[in-house]
Amino acid sequence: MAAPKVPLKRGGHIPLPKKSKNSTIHIISRELPVKKPLIWMICLILIAGLFSPAGALGKRGKEPVQLTYHLAAEELLPGPWTATSFAGDRPAILVTDEFMQFLDPSGQILAHLERSPQSRFFLSKEGNFIGIQELSVAGEKRGSPRMLSLTLYSRDGRKLWSLKQPLGGDEPVPSFYLSDPGRVVMVQPLQGIISFLDEQGSLAGEVRLFPGAMDETERGVACAFSADGNYVAVNILLHHARPGDEMSPRGKGRSYLVLFDSRGKEIWRRELEQEISDRVAISPNGQAVVAGAYSVKGLDAVQRATYLYDAGGELIGAFDFPFRQAAFSWDGRFLLLGQKNSIHLLDTQTGQVLWEKMLPGEAGQIRALDLSPDGSLALAQLARGAYLGPRFVYASPRVLLFDERGHQVWQGDFPEDSFIQPVARFLEDGSSFLLAFHNRYLIYEGNE
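Residues numbered from 1 in each chain as written. Predicted model: local features only at pLDDT ≥ 70, side-chain atom pairs only at ≥ 80, totals over all residues. Heavy atoms only, no water.

A closer look at the overall build of the protein
Part 1: The number of helices and strands found in the protein is 2 helices and 35 strands.
Part 2: Taking all 448 residues of the protein together, 49% fall into the buried category.
Part 3: For the protein, contacts bridging at least 24 residues in sequence account for 44% of all contacts bridging at least 6. (Helix = DSSP H or I, 4+ residues; strand = E, 2+ residues; numbered from the N terminus. Buried < 20%, exposed > 50% of the residue type's maximum accessible area, 1.4 Å probe, protein only. Contact = heavy atoms within 4.5 Å.)

Pasting the structure below:
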């Protein structure tokens with residue numbers, strides 16, 4: 001008779017050891033007046049505890065399973081670059097202070113465009129599009145009107161459209177946010193106006209978030225597109241706190257998290273408990289939104305918080321830690337947050353903090369985070385700020401890998417490398433990851 005099998009957590013099976021004359025089963029059957037079916041049940045329980053993944057070698061989950069990673073590919077990059085995007089495991093766009101290059105999968109240059117060092121660029125999250133913003137001054141006189149232009153390019157270097165807009169001499173420059181399907185949001189913070197542009201650059205909708213409100217200088221605003229481009233999350237300040245005096249009480253600052261569709265239709269709006277808006281991120285499918293805010297309570301006393309909402313605007317959780325970086329799993333179920341040297345993994349359906357870690361300060365602060373597509377691995381890149389000649393860079397990066405329970409399972413140190421903008425992300429297979437430094441990029445593959 002074939003031995004029964006005990007299922008593994010991942011779906012495999014381990015056969016039970018065969019019974020022998022000297023086995024524990026044989027001894028029990030002789031010393032205890034127990035029937036054979038009951039003996040088999042007891043033995044199955046004991047053996048299952050020894051050979052199951054939870055029972056073997058110290059219980060998986062309490063002890064980290066070290067992963068063996070190897071360098072699978074190393075390629076050169078022309079440095080110093082200020083931004084780069086990848087199509088899978090190959091660079092697709094390279095941006096320097098002087099030019100932009102668009103590359104095909106073989107590394108051939110599809111297009112080479114000169115750019116002014118004063119121009120600003122905006123990349124969509126996956127690098128499908130890049131926008132170049134330029135600002136020209138019509139006259140030398142202080143307060144002369146200026147002309148703002150934004151030009152959008154596809155990943156292969158094709159110019160898709162361009163828009164121009166006059167600005168007053170003292171008017172703040174709008175900010176732009178690009179989605180991977182090619183939609184654009186333009187934010188005019190002074191007036192709290194958000195313009196929604198379609199794939200052709202035409203105006204699809206425009207919203208004044210606070211009708212009747214006074215213009216607010218230094219109005220904080222942050223935007224994020226869902227991966228499909230269907231939703232836009234906006235974390236924006238209405239007004240700063242008004243200082244009180246003997247004659248009037250202090251006025252509370254007010255900030256809001258607002259969810260729009262891609263054409264500017266408001267879906268919901270929530271006032272945040274803290275007074276000043278900060279970061280925002282949204283899951284790939286738009287089913288979870290995370291926002292940061294803070295309040296100044298006194299000299300060197302700042303209270304920070306993070307708020308997690310579902311697609312309907314229901315508050316799932318409020319947390320007493322801030323975040324600078326955010327990464328979702330592909331289905332939006334898991335969310336990895338980072339701030340300076342702390343990381344936190346959240347379940348977006350329950351608001352539970354699954355694990356959190358404080359990372360070593362000697363390696364610098366967190367510069368990039370990523371979460372594997374299924375949320376089972378977390379990647380953190382740390383580095384110290386330094387000067388490479390006249391340019392400020394991040395130097396001597398350290399990369400850490402964590403499993404689904406927060407155990408560190410891999411570490412890589414790169415003392416000779418540096419970067420201006422961090423690139424550390426998982427590839428589509430969910431276990432390999434890519435790192436890009438000053439003049440090279442690396443791909444690591446691993447097996448448990």
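On we go from here.
What to know about the sheet that holds strand β33 (residues 423-426)
Part 1: Read from one edge of the open sheet, 4 strands run β3-β35-β34-β33, paired in antiparallel fashion. The open sheet terminates on both sides in strands that have one partner only, identified here as β3 (68-76) and β33. Averaged over all neighbouring strand pairs, the angle between strand axes comes to 20°, with direction disregarded.
Part 2: The pairing of β3 with strand β35 (residues 440-447) spans 8 bridges and is antiparallel. Within β35, the position partnered with L71 by the bridge is Y444. (Pairing = 2+ DSSP bridges. Axes fitted to C-alpha atoms, helices over the stretch in contact; angles between N-to-C directions.)

Here's the deal with the pairing of strand β11 (residues 159-167)
Part 1: With 8 bridges connecting them, strand β10 (residues 146-154) and β11 associate as antiparallel partners. Looking at the pairing, Y153 lines up with K159 of β11.

Overview of unusual backbone geometry
Excluding glycine, most residues fall at negative phi; most peptide bonds, likewise, are trans.
Part 1: Backbone geometry at K340 places phi at a positive 55°, although glycine is not the residue there.
Part 2: Locating K340 in the fold gives a position in the loop between β25 (334-339) and β26 (342-347).
Part 3: Here K340 falls in the partly exposed class, since its relative accessible area comes to 40%.

Some details on the confidence of the model for the protein
Part 1: Summing up the model confidence of the protein, the mean pLDDT is 85 and the portion of residues at 70 or higher is 83%.
Part 2: pLDDT under 50 marks residues 1-36. Its contacts with residues more than four places away, or in other chains, come to 35 contacts.
Part 3: Note on residues 42-61: pLDDT under 50 across the span, and 25 contacts to partners over four residues away in sequence or across chains. (pLDDT = per-residue confidence, 0-100.)

Considering the pattern of salt bridges
Part 1: Here the structure, examined in full by the defined rule, presents 13 salt bridges.
Part 2: A salt bridge links R440 to E74; its shortest N-O distance comes to 2.8 Å. Taken together, the positions of R440 in strand β35 and E74 in strand β3 put the pair 366 residues apart, joining distant regions of the chain.
Part 3: Linked through salt bridges whose partners overlap, the residues forming this network are E74, D417 and R440. (Salt bridge = Lys/Arg side-chain N within 4 Å of Asp/Glu carboxyl O.)

Quick look at the nonpolar core
Part 1: Membership of the largest hydrophobic core comes to 19 residues, with the highest contact counts inside it found for Y69, L401, F433, L435 and Y444.
Part 2: Looking at this core, the elements with two or more residues in it are β29 (378-388), β30 (391-402), β31 (408-413), β33, β34 (433-436) and β35.
Part 3: With 17 residues, the next largest nonpolar core counts F196, L209, V221 and C223 among its residues. (Core = buried A, V, L, I, M, F, W, Y, C linked by side-chain atoms within 4.5 Å.)

Let's talk about the sheet that holds strand β15 (residues 203-208)
Part 1: Pairing is antiparallel across the open sheet formed by 4 strands, whose spatial order is β12-β13-β14-β15. The open sheet is flanked by β12 (175-178) and β15, the only strands paired with a single partner. Taking the axes of each pair of neighbouring strands and ignoring which way they run, one obtains an average angle of 15° across the sheet.

What about the side chain of T348?
Part 1: Relative to the assigned elements, T348 resides in the loop between β26 and β27 (353-358).
Part 2: A polar contact is formed between the side chain of T348 and the backbone oxygen of G332, at a distance of 2.6 Å. (Polar contact = N/O pair within 3.5 Å; in protein donor to acceptor, adjacent residues only side chain to side chain.)

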